[in-house]
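These are the residues of each chain, in order.
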Amino acid sequence: MKVAKIAVAAATYWLDRPYDYLIPERLEALAVAGVRVTVPFSRGNRRSEGVILSVSDHSDYEKLKAVETVLDPYPVLTAEQIRLAVWMHDRFFCTVYDAVKTVLPAGLWFKSDGSRRIGDKTLEMIELAVPVEDALETAEQKKRKAPMQSELLELLCTTGRVPAADVLRFTGASRQSLKALINAELVRAEQEEIFRRPEIWDDELDAPPVLNTEQSRAYEGLKELMRRDTPEAALLFGVTGSGKTSVYIHLIKDALESGKTAILLVPEIALTPQMLATFSAYFGNDIAVLHSRLGVGERYDEWKRIKNGDARLVIGTRSAVFAPNEDLGLIIIDEEQEESYKSENSPRYHAREIAKYRCSKSGALLLMGSATPDIESRYAAESGKYSYFELQSRYNDMTLPAVSIVDMKRELRRGNGGNISAKLQNELSENLSRGEQSILFINRRGTHKLISCRECGYIYKCPHCSVALTYHSVNRKLICHYCGYTRKLHEECPDCGGELTSVGAGTQLIEEELSVLFPDTQVIRMDADSVKKAGSHNILLERFVREKIPIMVGTQMVTKGLNFENVTLIGVLSADQSLYCGDYRAGEKTFSLITQVVGRSGRGSKPGRAVIQTFTPGNETILQAAAQDYDSFYRSELELRRLQETPPFSDIISVTATGLEEDKVIRCCVDVRNILSASLKGRGDARVLGPAPLVVVKVNNRYRYRIIINCKADAELRRIVSAVLIKCNSSGKYKGVSIFADNNPAD
């Protein structure tokens with residue numbers, strides 16, 4: 001008999017393991033590793049989807065249920081991807097099937113009725129089924145009685161194989177006329193699969209860009225690492241505008257020419273179109289693009305092109321790390337410090353960890369590039385775990401932007417209560433007079449952070465979350481940025497009838513202030529509200545370049561990777577906004593954001609400037625970012641991490657409990673802390689802290705508390721945490737409370 005070990009979708013984390021199922025004789029040829037099946041599960045034999053992990057000739061169990069149906073005609077998972085899913089289960093506290101669903105595109109998932117969410121797109125193609133001479137003779141005979149059939153035949157004699165819809169539209173013939181020719185076996189019709197491509201390149205390919213001395217030195221070193229048979233990891237540090245992309249292009253070219261494939265990850269969807277345009281100029285249609293703004297059909301088709309070997313270079317955001325590349329030779333993570341590479345939903349993976357795993361199994365090179373490397377990555381390079389390369393100068397020897405720091409407390413004392421300082425206003429005026437463009441960055445969308453009453457202190461709060469509602473002037477609505485709750489704004493305080501006042505600024509308010517300061521100047525806004533529709537971010541960026549719109553206001557979408565030659569001024573508003581959020585990475589995030597956005601200025605032939613507005617002008621992190629002095633920041637931040645015993649000196653694993661009843665959530669966390677403290681009693685490096693509320697304690701009516709474990713995240717610790725998750729989630733004591741774990745959480 002044949003037995004399949006199957007990861008079952010219906011199995012929760014505390015029940016998750018490979019289940020043995022008997023393979024009926026009729027399904028033996030189809031039921032192979034990597035295909036999905038339906039199986040009866042649990043005592044009620046509820047039908048569930050599953051994926052075959054392996055097939056053997058025996059089982060340790062006597063009575064086995066049988067596989068019901070095989071859903072895939074061929075394996076959708078390779079042996080490497082199956083091993084990856086099992087590794088993710090052990091590493092990220094998720095079920096194997098959750099990992100499988102993350103690896104596969106949504107277009108491959110099944111609906112409840114068993115049908116695929118997205119089918120293959122096909123096009124009806126027609127061609128002559130008889131020699132041209134015979135077709136012309138028949139066309140002549142049909143001219144009187146069937147003129148449309150005659151015209152169809154004559155056209156096919158000159159065009160060959162063409163889409164049926166095009167022929168019918170061109171001739172004006174009906175479907176009935178075409179069907180008559182098919183029935184008479186004069187014309188042959190076939191369904192041909194086509195791809196829903198986001199973009200097709202049809203121009204000539206460019207030669208790779210010329211490298212300067214510094215770039216050549218880094219490229220040669222990285223090329224040598226890529227040639228080795230062993231897996232390698234390297235960090236490429238390059239100041240903003242130093243030309244890291246040119247090095248990427250040369251390395252990718254080498255990988256493809258040696259018969260390997262490559263993956264390039266970018267942190268933001270907004271960067272994907274620009275990256276795609278840049279790399280298409282060198283690699284044409286050998287590129288597939290993967291990101292969440294693609295339609296499900298487009299994403300599925302791109303996945304198929306990669307799996308079939310029709311696209312050997314993949315460009316995309318976090319999930320593109322799972323692209324089904326064969327013969328992987330290179331993975332590049334651009335702006336590797338970005339927290340968008342960390343998933344906030346199960347499986348809570350980091351793209352860098354997945355990339356490391358894939359490179360280790362493929363013998364590939366993992367290259368991480370950044371102007372502000374993650375502290376852990378820089379420490380790994382310093383410790384010798386990664387190779388290290390530097391680009392210290394901007395390409396073509398352009399200077400870094402001249403940076404000014406404005407003390408906003410002084411602006412208030414001078415009577416300027418607005419969000420744009422006199423210095424920044426003057427710099428904007430100067431840019432407008434010269435026809436140069438400016439970008440203003442503020443990391444908050446909407447108009448006002450909160451609305452409150454001057455008389456009684458009333459604040460509009462979300463009824464479902466423990467946050468204030470943000471006012472959006474575009475639709476005159478108060479909106480919760482966590483659960484989406486909306487309500488109208490009253491003219492006066494709903495509690496006491498007093499006067500309402502606003503606190504804090506967002507992109508919409510800055511846009512309004514600019515329209516008052518520069519009434520005849522066009523301003524474009526780029527944030528989550530303005531790029532809701534698929535492709536809208538690309539349209540906005542194209543307009544900014546094509547129409548030379550003078551000013552762009554945006555959130556962190558505008559801080560990295562964008563390259564505009566006519567942008568010579570950057571304004572950073574509320575630079576200290578992210579410094580005091582309680583996260584041990586707060587300084588690193590602030591330094592990275594400021595450094596990256598300042599680096600958007602002066603990337604062409606014109607020198608750049610930047611104005612940083614802050615209420616704490618003496619803050620060390622802001623001064624280091626203004627000076628673009630990463631080395632000083634790294635040294636001071638590393639010492640702080642050493643004192644805090646945070647990464648890279650110790651790992652952090654959080655165990656989070658959520659539920660509708662706050663008391664029950666807290667009691668669950670107390671039990672978790674006690675179990676963990678007892679289990680880790682013998683480990684001198686371990687600290688168990690909490691329970692403590694998350695920064696936003698209530699979201700969508702669910703309270704959120706967590707326990708923090710401070711120690712090396714080794715296999716023993718993961719086993720202990722996994723046992724705690726299983727015990728608490730399966731216990732009836734905490735019914736209604738969900739509990740999950742995360743490695744080095746992003747918040």
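See the structure shown above.
Residues numbered from 1 in each chain as written. Predicted model: local features only at pLDDT ≥ 70, side-chain atom pairs only at ≥ 80, totals over all residues. Heavy atoms only, no water.

**Student:** Would you take a moment to explain the overall build of the protein for this structure?
**Tutor:** The helix and strand inventory of the protein stands at 21 helices and 30 strands. Relative to its length of 747 residues, the protein is compact, with a C-alpha radius of gyration of 30 Å against a globular reference of 27 Å. Projected onto its principal axes, the C-alpha positions of the protein cover 95 × 75 × 65 Å. The burial tally for the protein puts 52% of its 747 residues in the buried class. Considering only intrachain contacts with a sequence separation of at least 6, the fraction spanning at least 24 residues in the protein is 75%. (Helix = DSSP H or I, 4+ residues; strand = E, 2+ residues; numbered from the N terminus. Rg over C-alpha atoms; globule rule 2.2 N^0.38 Å. Buried < 20%, exposed > 50% of the residue type's maximum accessible area, 1.4 Å probe, protein only. Contact = heavy atoms within 4.5 Å.)

**Student:** Before we go on, may I ask you to explain the sheet that holds strand β8 (residues 187–193) in this structure?
**Tutor:** The strands that make up a sheet pair up through hydrogen bonds in the backbone, lying either parallel or antiparallel. A sheet is described by the order of its strands in space; here three strands give the open sequence β7-β6-β8, paired in antiparallel fashion. Both outer strands of the open sheet, β7 (162–163) and β8, are each paired with one neighbouring strand and no more. With seven bridges connecting them, strand β6 (residues 122–128) and β8 associate as antiparallel partners. Its bridge partner being in β8, Glu124 is matched across the sheet by Gln191. Across the sheet, helix α6 (residues 175–183) lies against β6 and β8, angled at about 110° from β8, the strand it touches most. (Pairing = 2+ DSSP bridges. Axes fitted to C-alpha atoms, helices over the stretch in contact; angles between N-to-C directions.)

**Student:** Would you take a moment to explain the pattern of salt bridges for this structure?
**Tutor:** Once their charged atoms are close, side chains differing in charge can pair, the charge on each being opposite to the other. Enumeration according to the criterion identifies 43 salt bridges in this entry. As a salt-bridge pair, Glu336 and Arg352 come within 2.9 Å of each other at their nearest N and O atoms. Note that Glu336 is positioned in the loop between β13 (328–334) and α11 (351–362) and Arg352 in helix α11, a separation of 16 residues in sequence. Assigned by exposure class, Glu336 and Arg352 land together as buried. The salt bridge involving Arg641 is made with Glu588; its shortest N-O contact spans 2.6 Å. With a gap of 53 residues between them, Arg641 in helix α19 (residues 630–644) and Glu588 in helix α17 (residues 586–598) connect regions that are remote in the sequence. Comparing Arg641 with Glu588 shows no difference in burial state: the two are buried. Via salt bridges that share partners, Glu127, Arg161, Arg188 and Glu190 belong to a single interconnected network. (Salt bridge = Lys/Arg side-chain N within 4 Å of Asp/Glu carboxyl O.)

**Student:** Which parts of the structure should I look at to understand the environment of Asp527?
**Tutor:** Here Asp527 is to be found in the loop between β23 (523–526) and α16 (536–546). With a relative accessible area of 0%, Asp527 lands in the buried category. Through-space distance from the C-alpha of Asp527 to that of Thr507 is 7.6 Å; in sequence the pair is 20 residues apart. The residues touching Asp527, leaving out its near neighbours within four places in the chain, are Arg445, Thr507, Thr555 and Met557. Polar side-chain contacts of Asp527 include one of 2.5 Å to the side chain of Thr507. At 3.0 Å, the side chain of Asp527 forms a polar contact with the side chain of Arg525. (Polar contact = N/O pair within 3.5 Å; in protein donor to acceptor, adjacent residues only side chain to side chain.)

**Student:** What is the right way to look at the environment of Thr317 in this model?
**Tutor:** Position of Thr317 relative to the elements: it lies in the loop between β12 (313–316) and β13. The exposure class of Thr317 is buried, given its relative accessible area of 10%. Linking Thr317 and Ala351, residues 34 residues apart in sequence, is a C-alpha distance of 9.2 Å. Residue contacts for Thr317: discarding those within four places in its chain leaves Leu265, Val266, Pro267, Glu268, Ile269, Thr272, Leu290, His291 and Ser292.

**Student:** Honestly, the packing of aromatic side chains in this entry has me stumped. Any pointers?
**Tutor:** For any two aromatic rings, the description comes down to two numbers: the centre-to-centre distance and the angle of the planes. Going through the model one piece at a time under the given rule, you end up with 14 aromatic pairs. Geometrically, the ring pair formed by Phe322 and Tyr349 is edge-to-face, given 5.1 Å between the ring centres and 75° between the ring planes. Of this pair, Phe322 sits in the loop between β12 and β13 while Tyr349 is found in the loop between β13 and α11, placing the two residues 27 residues apart along the sequence. Tyr349 shares its class with Phe322; the two are buried. An angle of 55° between the planes, with centres 6.1 Å apart, marks the rings of Phe591 and Tyr630 as tilted. With Phe591 in helix α17 and Tyr630 in helix α19, this pair connects stretches of sequence that are 39 residues apart. One exposure class covers both Phe591 and Tyr630, and it is buried. Counting every residue linked through ring pairs, the aromatic cluster contains Phe237, Phe591, Tyr630, Phe633 and Tyr634. Positioned above the aromatic ring of Phe740, the side-chain terminus of Arg348 is 3.6 Å from the ring centre. Lying over the aromatic face of Tyr388, Arg378 brings its terminal NZ or CZ to 4.3 Å of the ring centre. (Phe/Tyr/Trp six-rings, centres within 6.5 Å; stacked < 30°, edge-to-face > 60°. Lys NZ or Arg CZ within 6 Å of the ring centre and 35° of its normal.)

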